[in-house]
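Below, each chain spelled out in residue letters.
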Amino acid sequence: MHLILLGPPGGGKGTQAKRLQDEYGLVQLSTGDMLRAAVASGSEIGKQAKAVMEAGKLVSDDIVIGIIADRIKQPDAKKGFILDGFPRTVAQAEALDKMLTERKLKIDAAIEVRVPDTMIVERITGRFTCAKCGAGYHDKFQRPKADGVCDACGGREFVRRADDNAATVQSRLDAYHAQTAPILPFYDKKGVLKVVDGTLPIEEVTKRLRDIVEGSAVS
Ligand code: ADP
Ligand code: ADP
Ligand code: ZN
């Protein structure tokens, strides 16, 4: 099974990808997480990506296509994957298509998690994650069961992303509409585009995604 989650920044892609990976034995491939790891490690790619990410712009196609090409060759990707945050431009979608065709693989579903821009500032400014295990939370919509303690690992340290502030949200949304939304017709033409209402509560969105995943698994 090979899935793509599309949608605006803060739309819930990472939250849902983590749930689906656990339920269906897939691996979540998040270019945002990979790029943040590169920035943290101080690698050459990290140095090139840091300022671009902090400004809410897209990192160059060459860099992210290279990262994904390496990642899908890893043994764990053989069990199937959920792409979260990639592709983000038509050039990335085309490059992905080529990589999959070479491996005789195809995308089973490209799912747009649709959330209006007006809801995005609150989603993004309230987001935080566990420093130890990466579990995602929200100040209002997804608080840990016990204040200050990660549900998943018991960790007590949490982090907020450098780019998760009201100032960068607009440029990230602009990048989404100008550069990423144009890939929706690309998947629609292939007959694999699905849309889910990302304004629903987290569990409701997961239910709708399950229906799509289970529907495309039998087809
Ligand atoms: P993305 O990966 O698309 O950027 P996230 O999955 O990180 O988005 O979600 C952004 C923030 O919104 C997180 O803090 C998350 O807990 C919260 N969130 C995700 N889905 C929902 C939802 N359906 N309703 C309310 N809050 C949500
Ligand atoms: P979100 O969906 O919450 O905006 P991500 O974690 O997917 O965040 O991405 C964070 C930042 O990393 C993006 O704003 C962009 O600068 C960079 N990035 C991630 N994935 C890509 C990609 N496929 N192409 C270009 N830049 C990317
Ligand atoms: Zn944790």
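Because the structure is a prediction, the values reported are computed rather than measured.

Peer 1: Account for the environment of Gly 66, naming residues and giving values.
Peer 2: Counting through the fold element by element, Gly 66 comes out in helix H4 (residues 61-71). Considered as a pair, Gly 66 and Val 213 are 147 residues apart in the sequence and their alpha carbons are 28 Å apart.

Peer 1: How would you explain the site of ligand 1 if you had to name every residue and give the values?
Peer 2: Surveying the vicinity of ligand 1 reveals 18 residues, the closest of which are Thr 15, Arg 127, Tyr 137, Gln 142 and Leu 200. Between an oxygen atom of ligand 1 and a side-chain N or O atom of Lys 13, the distance comes to 2.8 Å. At 2.6 Å from an oxygen atom of ligand 1 is found a side-chain nitrogen or oxygen belonging to Arg 127. In isolation ligand 1 exposes 560 Å². Once the protein is present, 91% of that is buried. For the shell around ligand 1, the secondary-structure elements that each account for two or more residues are helix H1 (13-24) and strand E6 (136-138). Top element by residues in the shell around ligand 1 is H1. It accounts for 3 residues.

Peer 1: Tell me what's going on with the site of ligand 2, and back it up with residues and numbers.
Peer 2: In the neighbourhood of ligand 2, 20 residues make up the surrounding shell, with Thr 31, Arg 36, Lys 57, Gly 85 and Arg 127 lying closest. Note that a nitrogen atom of ligand 2 is positioned 3.1 Å from one of the backbone N or O atoms of Val 59. In the model, an oxygen atom of ligand 2 is placed 3.0 Å from a nitrogen or oxygen of the Arg 172 side chain. For ligand 2, whose accessible area on its own is 550 Å², the fraction buried by protein is 97%.

Peer 1: Explain the coordination of the zinc ion (ligand 3) to me, and be specific about the residues and the numbers.
Peer 2: Taken together, the protein ligands of the zinc ion (ligand 3) are Cys 130 (SG), Cys 133 (SG), Cys 150 (SG) and Cys 153 (SG), with distances of 2.3 Å. Taken together, the 4 donor atoms coordinating the zinc ion (ligand 3) span angles of 101 to 116° at the metal, a pattern that classifies the geometry as tetrahedral. Within one chain, the residues serving as donors to the zinc ion (ligand 3) are arranged as C-x2-C-x16-C-x2-C. Placement of the pair is Cys 130 in strand E5 (residues 127-130) and Cys 150 in the loop between E6 and strand E7 (158-159), with a sequence separation of 20 residues. The exposure class of Cys 150 is buried, given its relative accessible area of 3%.

Peer 1: Provide a residue-level description of the sheet that holds strand E3 (residues 81-84), including the pertinent values.
Peer 2: As summarised here, the arrangement of the 5 strands in space is E2-E3-E1-E4-E8, forming an open sheet in which the pairing is parallel. The sheet is open, and its two borders are formed by strand E2 (27-30) and strand E8 (193-197), each paired with just one other strand. Ignoring strand direction, the axes of neighbouring strands in this sheet form an average angle of 25°. Of the strand pairs in this sheet, E2 and E3 are connected by 4 bridges, and their pairing is parallel. Directly across from Val 27, in E3, lies its bridge partner Phe 81. Lying over the sheet, H1 contacts strand E1 (2-6), E2 and E3, oriented at roughly 175° with respect to E3. Against the sheet, helix H2 (residues 31-41) touches E2 and E3, its axis set at about 65° to E2.

Peer 1: Which residues make up the sheet that holds E6, and what values do they have?
Peer 2: Hydrogen bonding along the main chain pairs the strands of a sheet, whether they run parallel or antiparallel. Strand order in the open sheet made by the 3 strands is E6-E5-E7, with antiparallel pairing throughout. If you trace the sheet from one side to the other, it starts and ends with E6 and E7, each paired once. As judged from the 3 bridges shared by E5 and E6, these two strands associate in the antiparallel manner. Counterpart to Arg 127 in the pairing with E6 is His 138.

Peer 1: Outline the packing of aromatic side chains, listing residues and values.
Peer 2: Across all of its chains, the model carries 4 aromatic pairs by this definition. Geometrically, the ring pair formed by Phe 128 and Phe 158 is edge-to-face, given 5.4 Å between the ring centres and 85° between the ring planes. Here Phe 128, found in strand E5, pairs with Phe 158, found in strand E7; they are 30 residues apart in sequence, far enough to count as distant. When its relative accessible area of 9% is taken as the criterion, Phe 128 is described as buried. A connected cluster of aromatic rings, assembled from ring pairs, spans Phe 128, Tyr 137 and Phe 158.

The rules we used
- Residues numbered from 1 in each chain as written.
- Chains lettered and ligands numbered in written order.
- Predicted model: local features only at pLDDT ≥ 70, side-chain atom pairs only at ≥ 80, totals over all residues.
- Heavy atoms only, no water.
- Helix = DSSP H or I, 4+ residues; strand = E, 2+ residues; numbered from the N terminus.
- Near = heavy atom within 4 Å.
- Polar contact = N/O pair within 3.5 Å; in protein donor to acceptor, adjacent residues only side chain to side chain.
- Areas by Shrake-Rupley, 256 points an atom, 1.4 Å probe, with all protein chains shown as cover.
- Donors = N, O, S within 2.8 Å, 3.2 Å for Na, K, Ca; no water.
- Tetrahedral: all angles 85-135°; square planar, octahedral: opposite > 155°, others 65-115°.
- Buried < 20%, exposed > 50% of the residue type's maximum accessible area, 1.4 Å probe, protein only.
- Pairing = 2+ DSSP bridges.
- Axes fitted to C-alpha atoms, helices over the stretch in contact; angles between N-to-C directions.
- Contact = heavy atoms within 4.5 Å.
- Phe/Tyr/Trp six-rings, centres within 6.5 Å; stacked < 30°, edge-to-face > 60°.

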